Amino acid sequence: MTRNVFRLMLVIAILGLIFAFSQERIVGGRIKTTEPQWDRKDNIIMVSVPGLSWERFIQLYELQGTTTLLVDSGMVGLMNTNSAYRRQIEHGYVTMNSGFPAEASREIRFYDRDAILPYGKQALEVYRRYNNKEPLGDYFILNPRHLHDINSSGMSESRVGALGEELKDHGVSRFVYGNSDVYLGEQGRFAALMLIDKGGSVSSAFVEAIIDSDSPTIFRTDSQGIMDRMAEQGKGVHLIEYGDFVRLEAIYGSIPLSVYQNWEREFLLGLDSLLEGVSMSMTPTDILILFNPGLIGNEFNQAKWLTPLLVYDGKNSGFLSSGATKRLGLVTNLDVSKSILALMGIKGQGLGQPFIREGQADVYLLDQLYFETRQNQLRRTPLIQGYVTMLILVMIVLVLVMLKKHSLMVLTPYALYVLLLVPLAYLLLPLLGVTGLWESILVTILLTLGLVALISFSVDGDYLKGIIVIAGLTLLVILLDLLTGAHLIITSPLGYSALGGARYYGIGNEYMGFLVGGLLILACGILQSHRRLNPLLVLFGVGGVMLIGLPGLGANFGGLLTVSVAFGYAILSLHYTGTVLKKWLLIGGFAFIFLGVIVAVDVFMVQGSHIGQAFYTIKEGGMKALGEIIYRKASLNWKLIKYTVWTRVLLTSVFIVALLVFLPSGIFRRIMEKKPVMATGIAAGVIGALVALVVNDSGVVAAATAMIYPTSVLILLVSEEIIQVKRERVV
């Protein structure tokens, strides 16, 4: 009777999950269209404001000035500031120029043609000597080759200058105004990096600041001078850098906090005034883009990696998104160059996609999304490290207890339940509205222990059934989340991070690994008990391929190959008696067919996921483009193998599986005889993990999580066999 009550509670919990997932999510959810909707513009006026964090943007909005009107009648979103190296201003500019993650050097200096260098040489003369050609603009870097060199590695060529080159080739002028110079400090004139051509030049620049004897920063942006100079220029792309927050940050700690806050407000008012002047001067064929190119001060450690983006053209409004993120309210800095080109009627290359507008913008809904994603990033590292540490220690202790045949082996199932339920608890944290680190730890503990008790009472001592139930619950939650926009995965500590910028939609490699391992154990577990359900493995395999691979669901290319090979191995091992070579040829054929179907769906029906984008990139760039993609993903994987904590999980799991196959002697053979389907599932899980390691750009993460279910089941089965052998000997 008691167990029936617990089973009823389990059913109620599942129905509650389904109801919760059915509720509509607005900001941060999947967008409905990936088609950009822009008219061609004559002038693009960009206002770059380094130091304009989202918090400052909200302050600016609440001033009830021009910015408030622009936001309420324009388009607004959050922009990721990722680059090839950290997220500083200069790296952000050159990344937006390249359309690919790139980096710059703080030693880079721009000069006018007539500038005289410290050693008496004219800048134009030095440029000619360095480059053996004339600059194609009036404001340039002396040695652009250095910038190209630091962005070239292996098979990857530098794309620095791509945006400026496209604009130049189509007759679009590029103008730069303003700076972020710090008095008695560094020269901050990096804005031109965003618009340079491959020769390192822009059309012209007005980059002087004014001296304000009342301001503690001494230098201030010459807003009126910029407006006057811009009025003299022709049509094209105009980039204004408002650098006053950089100057203010440079003296933070050197002035009283009250003085800092007063001048922060003063500079916000100055920015609002500049935006008023720009918006008043606009024509119907002009567009204004306000953005922050990168982080300053301690913003990186504070996880303020998403910055405000405002687009105003006088007639369109809504949330900003792009085909790269497929998330309402989220764009990447790689989308900026594609959007600039699209607004000028130019089709360019790069990883980004043009901006999309959708819905009715609400800055406070974006504020909620910003808060959730930032809080998740702040708690992410300690929660992952805590789980990984617990995972390794508990598995090692369980194996030692088994090898010593200690009486504590009776606790093995409960310890394994905890290890397998923590990822599920992490996935449910956003659903419960939990964001802080310590409350996340507390809720995870309570939720995990509660589920352990509920499942333990429900399985009648059949502990393997408990693991199967956990796998089923995890599958259900992931399925519901993917069907409703993957809102939980993007804000879960074990999901992908919108701030990290590696992925914005679908299923990340952490939960993809859990899903592949869990699906195998779930399918093989059911089939082990009900051998007449032979088609079950095929159905789960095809379902896994669709769930992980389809662009509207998991959109995970490496996961698609992983689940295809893993289930292909399991199915053929149980039902095919041919040679090993033929078996692997069939497995490869299955994977190739599934891959072809998913790519076809992506390209011809949905479009826009990274799978389809990679197909188009290879189609346009040929084998060279394919080589660059492989090199980039292999480089990332090798870097992660060397530095991520998941490498330890993978090594520990592989060692434990290898050990338990041989020790204690004869135990694994008994398992194969008693539970051949489950033994096949364990083997398929290990093979799937190896495939995940090879074919994913963060393969070590996917491989490590894919090993957790097979390793846990093997530990459980070995411990049960040891206990059974002891009982037989007593008898």
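Please refer to the structure higher up on the page.
About the thresholds
- Residues numbered from 1 in each chain as written.
- Predicted model: local features only at pLDDT ≥ 70, side-chain atom pairs only at ≥ 80, totals over all residues.
- Heavy atoms only, no water.
- Core = buried A, V, L, I, M, F, W, Y, C linked by side-chain atoms within 4.5 Å.
- Buried < 20%, exposed > 50% of the residue type's maximum accessible area, 1.4 Å probe, protein only.
- Helix = DSSP H or I, 4+ residues; strand = E, 2+ residues; numbered from the N terminus.
- Contact = heavy atoms within 4.5 Å.
- 1 Å grid on protein atoms, 1.4 Å probe; cavity = no way out; pocket = protein on both sides within 12 Å on 5 of 7 lines; lining within 4 Å.
- Points joined across faces, edges and corners; volume = space filled by probe spheres on them.
- Nonpolar A, V, L, I, M, F, W, Y, C, P; charged D, E, K, R; others polar.
- Pairing = 2+ DSSP bridges.
- Axes fitted to C-alpha atoms, helices over the stretch in contact; angles between N-to-C directions.

Just checking my understanding: could you explain the nonpolar core for this structure?
Nonpolar side chains in soluble globular proteins tend to be buried together. In this structure, Val47, Ile240, Leu271, Leu288, Trp646 and Ile715 are the most contacted members of the largest nonpolar core, which totals 170 residues. In terms of residues, this core owes the most to one element, helix α25 (residues 699-730), which gives 17 residues. Excluding residues within four positions of it along the chain, Ile715 makes contact with Met395, Leu398, Val399, Met402, Thr412, Leu416, Ile656 and Leu660. By size, the runner-up hydrophobic cluster in this structure holds 50 residues, among which are Met46, Val182, Val246 and Val311.

When you look at the layout of surface pockets in this model, what are you seeing that I'm missing?
Rolled over the atoms, a probe sized like a water molecule indicates the empty space that remains. Counted as a void, the second largest pocket has a volume near 390 Å³. Ile89, Arg106, Leu295, Ile296 and Gly297 are the residues nearest the centre of the second largest pocket, which is lined by 21 residues in total. The dominant element in the lining of the second largest pocket, judged by the number of residues it contributes, is helix α9 (residues 244-250), at three residues. In terms of residue class, the lining of the second largest pocket is built from eight nonpolar, seven polar and six charged.

Help me out: how do you make sense of unusual backbone geometry in this one?
Negative phi values dominate among residues other than glycine, just as trans dominates among peptide bonds. Unlike most non-glycine residues, Ala303 shows phi in positive territory, near 60 degrees. Examined against the element boundaries, Ala303 turns out to sit in the loop between β11 (286-291) and β12 (306-312). With a phi angle near 55 degrees, Ala486 is a residue other than glycine that sits in the positive phi range. Tracing the chain through its elements places Ala486 in the loop between α15 (463-483) and α16 (487-490). Assessed through its relative accessible area of 1%, Ala486 is described here as buried.

What is the right way to read empty space enclosed by the protein from this model?
A full pass over the atoms with the stated rule returns one cavity of 30 Å³ or more. Of the pockets and cavities examined, the largest cavity occupies roughly 40 Å³. For the largest cavity, the full set of lining residues is Ala471, Thr474, Leu475, Phe514, Leu515, Gly518, Leu519 and Tyr709. For the lining of the largest cavity, the secondary-structure elements that each account for two or more residues are α15 and α17 (509-529). Ranked by the residues each element gives to the lining of the largest cavity, the list is headed by α17, at four residues.

Explanation requested: the sheet that holds strand β6 (residues 201-202) in the structure shown.
Backbone hydrogen bonds hold the strands of a sheet together, and the pairing may be parallel or antiparallel. The three strands are arranged β3-β4-β6 in an open sheet whose pairing can be described as antiparallel. Both edges of this open sheet fall to β3 (110-112) and β6, since each of them pairs with a single strand only. Pairing between strand β4 (residues 139-141) and β6: two bridges, direction antiparallel. Each bridged residue has a counterpart across the sheet, and for Phe140 the counterpart in β6 is Ser201. Contacts from helix α5 (residues 123-131) reach β3 and β4 within the one sheet, and its direction differs from that of β4 by about 45 degrees.

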